[in-house]
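Observations on the three-dimensional arrangement
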Amino acid sequence: MATISINLKEGDIERPGEVIAGIDLGTTNSLVAYMKDGAPVCVKDEAGKSALLPSVLHFASGDTIIVGEHAREQLIKSPADTIYSVKRLMGKSYQDVRGFEDFFGYKVIDDDTESLVKIRVKDRFYTPVELSAMILKELKERVENRLNQPVTKAVITVPAYFNDNQRQATRDAGKLAGLDVLRIVNEPTAAALAYGIGRPGEQDSHEQETIAVYDLGGGTFDISILQIENGIFEVLSTNGDTFLGGDDFDQAIVNYWLEELSIDKKLLTEEKDFGQEIRLAAESAKKALSSHESYKSAIKGSAVSITRSTFEDLIAPLVQRTLDCCRNALRDAGIGTEKIDKVVMVGGSTRVPVVRSAVAGFFGKPVFDDLDPDEVVALGAAIQADILAGNQQDLLLLDITPLSLGIETIGGLMDVIIPRNSKIPTKAGRQYTTSVDGQKNLKISVFQGERDLVEHNRKLGEFILRGIPPMPAGLPKIDIQFILNADGILTVRARELRSDLAQEIEIRPTYGISEEQMATMLLDSIKNAQSDMTVRGLLEARNEASNLLNSGEKFLKQNDGILSEAEKATTNALLKALHEAAKGDDKDVIHRAIDELNDFTSPLAHRAMDVTIRDAMKGKKV
Ligand code: ADP
Ligand code: MG
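As the structure is a prediction and not an experimental result, all values here were calculated from the model. Note on numbering: residues in each chain are counted from 1, in written sequence order. Here chains are named by letter from A upward and ligands by number from 1 upward, in the order in which they appear as written. Only residues with pLDDT of at least 70 get local features here, since the model is predicted, and only at 80 or more are side-chain atom pairs given and counted; chain-wide, interface and lining totals rely on the full set of residues. Neither water nor hydrogens contribute to the side-chain values; these are computed over all heavy atoms in the structure.

**Points about helix α8 (residues 272-289)**
Test applied: We count a stretch as a helix when DSSP gives it H or I for four or more residues in a row; a strand needs E for two or more, and each element gets its number in order from the N terminus. Helix span, expected: 1.5 Å multiplied by one less than the number of residues in the helix. Categorising residues by exposure relies on relative accessible area from a 1.4 Å probe, with only protein chains included: less than 20% of the type maximum marks a residue as buried, more than 50% marks it as exposed, and the intermediate range marks it as partly exposed.
The first and last C-alpha atoms of α8 sit 26 Å apart over 18 residues, in line with the 26 Å expected at 1.5 Å per residue. Those residues of α8 not exposed but buried are F274, G275, I278, A281, A282, E283, A285, K286 and L289.

Put into structure tokens, the structure is as follows:
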């Protein structure tokens, strides 16, 4: 297998020279960059003012969806219809986000703790993948308008700590936006590339280097320790704080001013316009203090001011927290600061001078901060894209899988286990369970391709795991591993973890398929991304409805004595409504029915649980 990428316009194997976009899909801001005359540049907005696209979506009346700066302006006025920080939800289940739902001003749905989160806006339900796709579409249009040509391929960056689900979600978002995602690259790797670190042919580097990438953005802080050898980046450790960033700097100034003006904090929530005004003024102050010694303004007619040294005192504990994370990252990597050859600064908040000096002090060396810290990740992504396009000499050609590999799951859906363009050899796996009580056999069908339904993909083989000990549905733990070796041979191994029952097959995925056929498959997947996503959404909604109908009926039976007649009647009516909704073809109608049923029954479930526990305690001898 060789490194191939496919020309989507003509459906043939790509020639060097084509533009591939480099995209930084950020929590606060997103950017797109491309290679212009051998150097990466970020594309600015229409007004030519800023390369940053705020990662915010506003659902205006009608079907209008606004992305970027204008959406950001709606954050305070209509929080329920304005979505920010989608990246925090990528590839996450409700279980993952429990405990910080309050952070989001919009409604994050908790219909099933294990499936992926959805976001409710008005009467529609969106996945984080769909929402991210809207941001990516905007960036795609931005670069297309600039170059006056279609751009269909991209490299997208993600934090180094993103797991497989989060990476796959990012890939799916790209596909939905009409982009062939050639590679998902770690943000710190991209930042290093932007500085020429680890680039093939770079002279100044020794054989092996260890670097630290310090990324302080709007709402998150990440520190990554990377080791680079022969152009290969290895993540030694990552650390950080998912709720620490420039927003906290702004908040520190807000609190300081409230005290100065003797205004109660409650006013922030009571008078949203005031809250908005003071927060924006605080952000302006913070930015001004990065290059000036003091800042003056007026809020509600009262003069406010702040000096740089006061600001530095206010944020000292926050900066200290980032350094504590750096210490933890070094500890996990098993090295001391003296082993770090270079420190790279990333993220808008590293513009704050005291942040730069504190980090330089901590590592005991000057930091790399010549490039614009907002742009550095996107610039590096563009360089990585250029390497993939074959425009750079001396590049390392790595063997990759040309098409995704996965298995069929309920409803005929494709569940990707090894995504396309993964470096080989590689190994990946996931756990599954049974869907019927007492199920003894499980058929595992292996497919190749990019479509959401397996019927559109290529079947590679199947086998049956027989003799699973009878257990209630959902209890068996079946681990499925895909192991793709350097010769391109795939071993699929299934094992029931409770009984240790196991079985496997070997397949050669590239056997009997030409590069042209692969190109056609890929092309079809991009063409059908929108309709595939719709079908998947509907099948998943129906699946969720069927699970909920089962558990709802069980719940009614088990708690007959605890529930009032009225409660039983309403629950039954809601179950019936869900049953009807699930017969239809509108996923939003199904989700609404699920949402209503859950809203009504969850307090009942809590009560039933309390009673059960109380009864159990009664019987207990202390
Ligand atoms: P993310 O990676 O989370 O998308 P960014 O890297 O774009 O975020 O960083 C955004 C943060 O950088 C915001 O909090 C913003 O206020 C801050 N920022 C931007 N410019 C400056 C500046 N000149 N001085 C201080 N902070 C800044
Ligand atoms: Mg960032």
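**Focus: the domain arrangement of the protein chain**
Note the cut-off: Note that the domain bounds were set by an automatic or database domain assignment. Buried area, as used here, totals the accessible surface that two parts lose on assembly, with accessibility defined by a 1.4 Å probe and the loss added over both. A pairing counts as a salt bridge when a side-chain nitrogen of Lys or Arg comes within 4 Å of a carboxyl oxygen of Asp or Glu.
Domain parsing of the protein chain yields domain 1 (6-185), domain 2 (405-514) and domain 3 (531-617). Computed over C-alpha atoms only, the centres of domain 2 and domain 3 are separated by 30 Å. Three residues, I410, L413 and D452, lead the burial of domain 2 against domain 3; their summed loss comes to 60% of the area buried on that side. Connecting domain 2 to domain 3 are two salt bridges.

**Focus on the site of ligand 1**
Stated precisely, the cut-off is as follows: Throughout, the term near means that a residue has one or more heavy atoms lying within 4 Å of the molecule or strand in question. We call two N or O atoms a polar contact when they sit within 3.5 Å, provided that within protein one can donate a hydrogen and the other can accept it, with sequence-adjacent residues counted only if both atoms are side-chain atoms. Areas reported here follow the Shrake-Rupley algorithm with a probe of radius 1.4 Å; residue values treat only the protein chains shown as occluding. Amino acids are sorted into nonpolar (Ala, Val, Leu, Ile, Met, Phe, Trp, Tyr, Cys and Pro), charged (Asp, Glu, Lys and Arg) and polar (every other residue, Gly among them).
Around ligand 1 lies a shell of 17 residues, among which T28, N29, E283, K286 and S290 are the nearest. Within the contact set of ligand 1, an oxygen atom lies 3.5 Å away from a backbone nitrogen or oxygen of T27. Within the side chain of K286, an N or O atom sits 2.6 Å from an oxygen atom of ligand 1. With the chains in place, 89% of the 580 Å² that ligand 1 exposes on its own is no longer accessible. Among the elements of the structure, α6 (246-260) and α8 are those that each provide at least two residues to the shell around ligand 1. When its residues are assigned to classes, the shell around ligand 1 shows one nonpolar, eleven polar and five charged.

**Comments concerning the pattern of salt bridges**
Under the criterion given, the structure shown has 36 salt bridges. Put simply, D374 and R351 hold a salt bridge, and the shortest N to O gap is 3.1 Å. Separated by 23 residues along the polypeptide, D374 in the loop between α10 (353-363) and α11 (376-388) and R351 in the loop between β20 (342-346) and α10 bring together distant segments of the chain. By relative accessible area, D374 is classed as buried at 18%. Assessed through its relative accessible area of 32%, R351 is described here as partly exposed. With a closest N to O distance of 2.6 Å, K459 and E462 form a salt bridge. By relative accessible area, which is 45% here, K459 ends up partly exposed. By relative accessible area, which is 37% here, E462 ends up partly exposed. Three or more residues are tied together by salt bridges with common partners; here these are K107, R120, D123, D595 and D599.

**Some details on empty space enclosed by the protein**
The following threshold applies: Note on definitions: the grid is 1 Å and covers protein atoms alone; a cavity is a set of points where a 1.4 Å probe fits but cannot get out; a pocket is an open set with protein on both sides within 12 Å along at least five of seven lines; lining residues have an atom within 4 Å of a point. Grid points are joined across faces, edges and corners, and a volume is the space filled by probe spheres set on the points.
Summed over the entire model, instances satisfying the criterion amount to four cavities of 30 Å³ or more. In this structure, the largest cavity spans a volume of roughly 90 Å³. Together, 14 residues line the largest cavity, and L25, G26, K87, M90 and S132 are the ones closest to its centre. Where the lining of the largest cavity is concerned, the elements lending two or more residues are α3 (128-147) and β13 (153-158).

**Considerations on the pairing of strand β7 (residues 56-59)**
The following threshold applies: Whether two strands pair comes down to DSSP finding at least two bridges between them.
Residues of β7 alternate between two faces, with V56 and H58 on one and L57 and F59 on the opposite face, all of them buried. Relative to strand β9 (residues 82-84), β7 runs antiparallel, the two being bridged by three bridges. Looking at β9, one finds that V56 is bridged to Y84. Direction of pairing for β7 relative to strand β8 (residues 65-67): antiparallel, over a ladder of three bridges. Each residue of the ladder has a partner; that of H58, found in β8, is I66. A loop of five residues connects β7 with β8, the two strands running antiparallel in sequence, and G62 in this loop sits at a positive phi of about 75°.

**As for the sheet that holds β20**
Defined as follows: Only the contacting stretch of a helix is used when fitting its axis, a line to C-alpha atoms as for every element, and angles between N-to-C directions run 0 to 180 degrees.
Read from one edge of the open sheet, four strands run β17-β16-β15-β20, paired in mixed fashion. Two strands close off the open sheet at either side, each with one partner strand: β17 (232-241) and β20. Neighbour-to-neighbour, the strand axes of the sheet open up by a mean angle of 20°, direction not taken into account. Relative to β20, strand β15 (residues 208-216) is paired through five bridges, and the arrangement is parallel. When the sheet's bridge partners are listed, Y214 is paired in β20 with M345.

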